[in-house]
Amino acid sequence: MIKKEYDKFLLIIVGIFIISGVFILTSASTGLLSRNGNVSLSNILFRQFVLGLGEGIILFLITSRIHYKKWKKFALIIFLISFLLTVLVFESHIGFGHGGARRWLNIGQFFFQPSELLKLAFIIYLASWLSTRQEHVQSFKFGLVPFLIIVGLVGLVLIKQPDIGTLGVVAITSLTMFFIGGGRLSQIAFTIFLGVILVYILTLTYPHVANRLVVFLNPSADPQGIGYQMKQSLIAIGSGGLLGRGFGMSVQKFYYLPEPIGDSIFAVFAEEFGFMGSLFLIGLFMFFLYRGFSIVLKVPDQFARLLGSGIVILIVAQSLINIGSMTGIIPLTGLPLVFISQGGSSLAMAMAEVGILFNISRYV
């Protein structure tokens, strides 16, 4: 295949995301500062844009220059290393917990969420596995069962943390890749049925999962308790009106919205920029989806098609799940908004993922 120019539209889209993230996170951070005197704005921005974005740019430059075919050669090794790192969060000396979940590694002054690496490594491995077993994908014994085992291994470690939101993103991404790789609709339907059963079991096992489902079905339930975040999010979004209160003018980020720089950041954005601003942000993710698939659909290599599709679905699905949970369309998940929410690991790995997609764009 002949090398071509990188996809400039993709670079422009990501650039707009990054610039938007700087302004949105800075504004949302002022709300957190007002309620916690131990938090400094400079520390938040340093971790996000100096460490997270700085590392992300380095990873982007590296992954955009690595020929995508090389990922297939080391797919299993990368997956096993990332899986091991994710399991290490349960080790008491380096694993770090917050809010009832253990999702971080703490090595000295270095904090890292290995599940972010696991998502990418899993996509690479699944793309490799599917592309080498095209003739067996439609088989129940040699296609669907091994696929469910692979997804199940990742699911077990995510449930143990627990990180149900990430599990949902992984499930959606992997199922889409399986379909693109040749899976039959009957296999997809059977997998979704198993997923419904799993969700039911999780509601019985983890009270917070059941609570989120209750709030989803009845948004007015316990507005001072389990329904507090949803209520405050809807107030923020509704207060934005058509054009919003204006940049920096959100009221809900002060004392009301939980995690204004985390999973609630879309509510802050919607309050400040209104319905039209929200449409712009959602449209930007849709344009990223369109541009990403316009790239992977032209690639003759099945591995590249699966890898690129997985990356696009991963980023867009997580973002739309975050937005959907803040608007009450789906249950709350706790997932960050990609490129926007605080999270150095999330931002850095998103940049690495875009770098791989960027490299694929040279060979369409």
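Scroll up for the structure.
Residues numbered from 1 in each chain as written. Predicted model: local features only at pLDDT ≥ 70, side-chain atom pairs only at ≥ 80, totals over all residues. Heavy atoms only, no water.

**Notes on the overall build of the protein**
Turning to step 1, where the next piece is worked out: When you go through the protein residue by residue, the secondary structure sums to 13 helices and three strands.
Turning to step 2, where the next piece is worked out: The C-alpha atoms of the protein give 20 Å as radius of gyration, which agrees with the globular expectation for 364 residues (21 Å, within 12%).
Turning to step 3, where the next piece is worked out: Across its three principal axes, the protein shows a C-alpha extent of roughly 55 × 50 × 45 Å.
Turning to step 4, where the next piece is worked out: The 364 residues of the protein split such that 49% are buried.
Turning to step 5, where the next piece is worked out: The long-range share in the protein, meaning contacts at least 24 apart out of those at least 6 apart in sequence, stands at 73%.
Turning to step 6, where the next piece is worked out: Surface exposure of the protein reaches about 16,400 Å², of which carbon and sulfur atoms provide 70%.
Turning to step 7, where the next piece is worked out: Separation between the mean location of the 25 positive side-chain charges and that of the 14 negative ones in the protein comes to 8 Å. (Helix = DSSP H or I, 4+ residues; strand = E, 2+ residues; numbered from the N terminus. Rg over C-alpha atoms; globule rule 2.2 N^0.38 Å. Buried < 20%, exposed > 50% of the residue type's maximum accessible area, 1.4 Å probe, protein only. Contact = heavy atoms within 4.5 Å. Areas by Shrake-Rupley, 256 points an atom, 1.4 Å probe, with all protein chains shown as cover. Lys, Arg positive; Asp, Glu negative; His and termini not counted. Charge placed at Lys NZ, Arg CZ, Asp CG, Glu CD.)

**A look at the nonpolar core**
Turning to step 1, where the next piece is worked out: One finds Phe288, Leu307 and Phe339 to be the most contacted residues of the largest nonpolar core, which totals 94 residues.
Turning to step 2, where the next piece is worked out: Ignoring sequence-local partners within four residues, the contact set of leucine 307 consists of Ile123, Ile124, Ala127, Ile356 and Ile360. (Core = buried A, V, L, I, M, F, W, Y, C linked by side-chain atoms within 4.5 Å.)

**So, unusual backbone geometry**
Turning to step 1, where the next piece is worked out: In the segment running from glutamine 161 into proline 162, the intervening peptide bond is cis, with an omega of -10°.
Turning to step 2, where the next piece is worked out: Unusually for a residue other than glycine, tyrosine 255 sits at a positive phi of about 75°.
Turning to step 3, where the next piece is worked out: With respect to the helices, strands and loops of the structure, tyrosine 255 is situated in the loop between helix 10 (228-240) and helix 11 (265-296).
Turning to step 4, where the next piece is worked out: According to the relative accessible area criterion, tyrosine 255 is exposed, its value standing at 55%.
Turning to step 5, where the next piece is worked out: Not every positive phi belongs to a glycine, and glutamate 259 is a case in point at roughly 50°.
Turning to step 6, where the next piece is worked out: Topologically, glutamate 259 is positioned in the loop between helix 10 and helix 11.
Turning to step 7, where the next piece is worked out: For glutamate 259, a relative accessible area of 45% translates into the label partly exposed.

**Re the packing of helix 5 (residues 114-132) against helix 6 (residues 140-160)**
Turning to step 1, where the next piece is worked out: At a minimum axis distance of 12 Å, the contact between helix 5 and helix 6 shows a crossing angle of 170°. With respect to helix 6, the axis of helix 5 lies roughly antiparallel. In contact with Ser115, Leu118, Phe122, Tyr125, Leu126 and Trp129 of helix 5, helix 6 contributes Phe142, Gly143, Pro146, Phe147, Ile150, Val151, Val154, Val157 and Leu158.
Turning to step 2, where the next piece is worked out: Of the residues contributing to the contact of helix 5 with helix 6, the split by class is 13 nonpolar, two polar and no charged. (Axes fitted to C-alpha atoms, helices over the stretch in contact; angles between N-to-C directions. Parallel < 35°, antiparallel > 145°, perpendicular 65-115°, else oblique. Nonpolar A, V, L, I, M, F, W, Y, C, P; charged D, E, K, R; others polar.)

**Focus on the packing of aromatic side chains**
Turning to step 1, where the next piece is worked out: This model, assessed by the stated rule, comprises 14 aromatic pairs.
Turning to step 2, where the next piece is worked out: Both rings, one in phenylalanine 140 and one in phenylalanine 190, keep their centres 6.2 Å apart while their planes meet at 65°; by these two values the pair is edge-to-face. Highlighted residues: phenylalanine 140 in helix 6 and phenylalanine 190 in helix 8 (residues 185-205), separated in sequence by 50 residues.
Turning to step 3, where the next piece is worked out: Owing to a relative accessible area of 34%, phenylalanine 190 belongs among the partly exposed residues under this scheme.
Turning to step 4, where the next piece is worked out: Linked through ring pairs, Phe23, Phe247, Phe266, Phe269 and Phe273 together constitute an aromatic cluster. (Phe/Tyr/Trp six-rings, centres within 6.5 Å; stacked < 30°, edge-to-face > 60°.)

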